[in-house]
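# Examining the three-dimensional arrangement
Take a look at the letters that make up each chain.
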Amino acid sequence: MNSKSLQSHPVLTGTLLLTIAGLISRIIGFFYRIFLSQTIGAEGVGIYQLIFPLYALTFSLTVSGIQTAISRFTAQAVAASGSNGIPPKDTGLCNDRCYLTAGLILSLFLSFLCTLFLYYFAEPLAVSFLDEPRCKVLLEILSFTVPFGAIHACINGYYYGLKKTFVPATSQLFEQIIRVGCVFVIYQICLEQHRPITVSMAVWGLVAGEVGSVLYSVSFLRRGKCYGSKLLGLKQIFFMSTPLCANRVLVNLLQSVEATMIPGQLKDYGYSVSEALSVYGVLTGMSMPMVLFPSVITNSVSVMLLPVIAEAQEKKEQHYIRNAVRKTCFYCLVLGFSCTFIFLLLGKWMGRVLFANELAGTFIVILGWMCPFLYLSTTLSSILNGLGKTTITFVLNIVGLAIRIAFVIWGIPMFGIKAYLWGTLLSQIVMAVASIGILGKKI
């Protein structure tokens, strides 16, 4: 079997595993969102969605760059290892287990700091940043997820680098089942004891899901020794993850600003506070997840492409990288245009029947146009990261966010929420076209 076949096999099997687990997880999540919309209402969903930009911000600060660094260095260490599993000294690499240990140390240190900050500053964050005092309790509960999410992400990054996706795939599914199951139990207890149904129960579900997924993932880790300097591994992880973390923190900070501005701009358009939160909840809690549902396939491909591209670059196999880019573009466009056709045809029916909300259907139809560009930019960004071109992906993300924020600031007060949908579509087109052009020049 040639080198190309050996490399493509783990990509295909890994993608298949992640896709199956992701599809099942999203199907569960799909019905879960319907359940939430019926129990806490559109306004409650809007309040719940407001905390997610801060959730993403803590993830980007504590582990996102570290997970990528673990995956990339693990893949390179495995590619450079001899029969004894230890990379030669002249490669400047430690063994794979050393990178996992270093990543966990760095990530846990940052996550504990974030937990303390999020818990003790929940009130000013809710009042001043999110402009919604009711988010205070939600942020306090959310803070407990940070260290567990960090451990889970580091272990996933390690297995992605090994191109073994069973643990990440099944832990994702396990997390979703625990989350939904916990919320349903809390809901039943509230009904039996005649307590009010609040948004807090959904956040407690997040905590339970992260704790369960960590216990599950850790149970698969076997004892292993670190070969090479732990300090060297920590240094390599730190220097690669720092610009990645900084980039993603800035990106997520801008995303947080974007998300928190939308309800305020909707009020300038003429909506009341309740109406603005309801529209925001319909968009982010109903319509957007429906349009993003097929992206489980492209997300799975993206996760597997990063370590494989890094390994191919280590072995200087340019031909393999070129083929990967071509095939990625082709299949993403086929999937994207197929999804666009489905959402244009059935979007309004989905909103009316699945969510009992006409507005959700309108949003689905408009957002359906961005599918080809969204799926393409996601996978091409992963290839760029695998090639070490993290600065380019950062710039592209900033450009896309700048376009969306411009539409939020100047478009929503004049045209309502549809202006944001137009801005989202335009940003994805720009990012996809730019990614194709840059990769075309680089390879």
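Higher on the page you've got the structure.
Right, let's walk through the structure included here. The shown structure was predicted, so the numbers you read here are calculated from the model rather than taken from an experiment. (Residues numbered from 1 in each chain as written. Predicted model: local features only at pLDDT ≥ 70, side-chain atom pairs only at ≥ 80, totals over all residues. Heavy atoms only, no water.)

## Quick look at the overall build of the chain
Counting its secondary structure elements, the chain contains 17 helices and zero strands. Radius of gyration (C-alpha) of the chain: 22 Å, near the 22 Å computed for a compact globule of 443 residues. Within the chain, the proportion of its 443 residues that are buried is 54%. A separation threshold of at least 6 residues defines the contact pool for the chain, and within that pool the share at least 24 residues apart is 82%. Side-chain charges in the chain split into 31 positive and 17 negative, and the spacing between the mean points of these groups amounts to 13 Å. (Helix = DSSP H or I, 4+ residues; strand = E, 2+ residues; numbered from the N terminus. Rg over C-alpha atoms; globule rule 2.2 N^0.38 Å. Buried < 20%, exposed > 50% of the residue type's maximum accessible area, 1.4 Å probe, protein only. Contact = heavy atoms within 4.5 Å. Lys, Arg positive; Asp, Glu negative; His and termini not counted. Charge placed at Lys NZ, Arg CZ, Asp CG, Glu CD.)

## A closer look at the layout of surface pockets
In this structure, the second largest pocket spans a volume of roughly 160 Å³. Counting only elements with at least two residues in the lining of the second largest pocket, the list comes to helix 3 (52-80), helix 4 (96-120) and helix 10 (230-269). Of the residues forming the lining of the second largest pocket, the biggest block, four residues, is contributed by helix 3. Among the residues making up the lining of the second largest pocket, the classes are represented as nine nonpolar, one polar and no charged. (1 Å grid on protein atoms, 1.4 Å probe; cavity = no way out; pocket = protein on both sides within 12 Å on 5 of 7 lines; lining within 4 Å. Points joined across faces, edges and corners; volume = space filled by probe spheres on them. Nonpolar A, V, L, I, M, F, W, Y, C, P; charged D, E, K, R; others polar.)

## Some details on the packing of helix 3 against helix 4
Geometrically, a packed helix pair is captured by the angle between its two axes and the distance between the axes. Contact pair helix 3 / helix 4: the axes reach a minimum separation of 9 Å and the direction vectors enclose 180°. Here helix 3 lies roughly antiparallel to helix 4, going by the angle between them. Touching Thr58, Leu61, Thr62, Val63, Ile66, Ile70, Phe73, Thr74, Ala77 and Val78 of helix 3 are Asp96, Tyr99, Leu100, Gly103, Leu106, Ser107, Leu110, Ser111, Cys114 and Leu118, all from helix 4. Classifying every residue of the contact of helix 3 with helix 4 gives 13 nonpolar, six polar and one charged. (Axes fitted to C-alpha atoms, helices over the stretch in contact; angles between N-to-C directions. Parallel < 35°, antiparallel > 145°, perpendicular 65-115°, else oblique.)

## Remarks on the nonpolar core
In terms of nonpolar packing, the biggest core is built from 86 residues, with Leu36 and Leu139 touching the most fellow members. In this structure Leu36 touches Gly41, Val45, Tyr48, Met201 and Ala202, once residues within four positions along its chain are discounted. Core analysis: the next-biggest nonpolar cluster, separate from the first, contains 25 residues, Leu106, Ala150, Ile151 and Val167 among them. (Core = buried A, V, L, I, M, F, W, Y, C linked by side-chain atoms within 4.5 Å.)

## Topic: helix 16 (residues 390-415)
Taking 1.5 Å as the rise per residue, helix 16 with 26 residues should run 38 Å; its terminal C-alpha atoms sit 35 Å apart, in good agreement. Largest kink in helix 16: about 35°, centred on Val408. The complete set of buried residues in helix 16 reads Thr390, Thr393, Phe394, Leu396, Gly400, Leu401, Ile403, Arg404, Ile405, Val408, Gly411 and Ile412. The first or second residue beyond helix 16 is Gly416, which carries a positive phi of 80°. (Expected span 1.5 Å × (residues − 1). Bend = angle between axes of the 7 residues up to and from the residue.)

## Comments concerning the packing of aromatic side chains
Taken as a whole, this structure holds 18 aromatic pairs when the rule is applied. Between Phe30 and Phe31, the ring centres sit 5.3 Å apart and the planes meet at 70°, which makes this aromatic pair edge-to-face. By way of ring pairs, the aromatic residues Phe166, Phe174, Tyr216 and Phe220 are connected into one cluster. (Phe/Tyr/Trp six-rings, centres within 6.5 Å; stacked < 30°, edge-to-face > 60°.)

## A closer look at the pattern of salt bridges
Tallying each qualifying case throughout the model produces six salt bridges. Among the salt bridges present, the one from Glu43 reaches Arg134, with a minimum N-O distance of 3.2 Å. One end of the pair, Glu43, is in helix 2 (residues 41-50); the other, Arg134, is in the loop between helix 5 (122-129) and helix 6 (136-142), with 91 residues separating them in the sequence. With a relative accessible area of 23%, Glu43 lands in the partly exposed category. Judged by relative accessible area, Arg134 falls into the partly exposed class, the value being 44%. Its salt-bridge partner being Arg404, residue Glu258 comes within 2.9 Å of it at the nearest N-O pair. Within this pair, whereas Glu258 is found in helix 10, its partner Arg404 is found in helix 16, the two being separated by 146 residues in sequence. The residues Glu258 and Arg404 share a single accessibility class, namely buried. Residues participating in the shared-partner salt-bridge network are Glu43, Glu132 and Arg134. (Salt bridge = Lys/Arg side-chain N within 4 Å of Asp/Glu carboxyl O.)

## Quick look at helix 17 (residues 417-442)
Over its 26 residues, helix 17 runs 38 Å from end to end, which matches the ideal 38 Å to within 8%, given 1.5 Å per residue. Within helix 17, burial applies to Ile417, Ala419, Tyr420, Leu421, Gly423, Thr424, Ser427, Gln428, Met431, Ala432, Ser435 and Leu439.

## Side note on the environment of His152
As for its position among the elements, His152 is in helix 7 (residues 145-161). A residue is classified by how much of its surface remains accessible, and His152, at 7% relative accessible area, is buried. When the C-alpha positions of His152 and Val214 are compared, they lie 5.2 Å apart, and in sequence the two are 62 residues distant. Not counting the four nearest positions on each side in its chain, His152 is found in contact with Ser171, Glu175, Glu210, Ser213, Val214 and Ser217.

These values are about where atoms sit, not about what they do.
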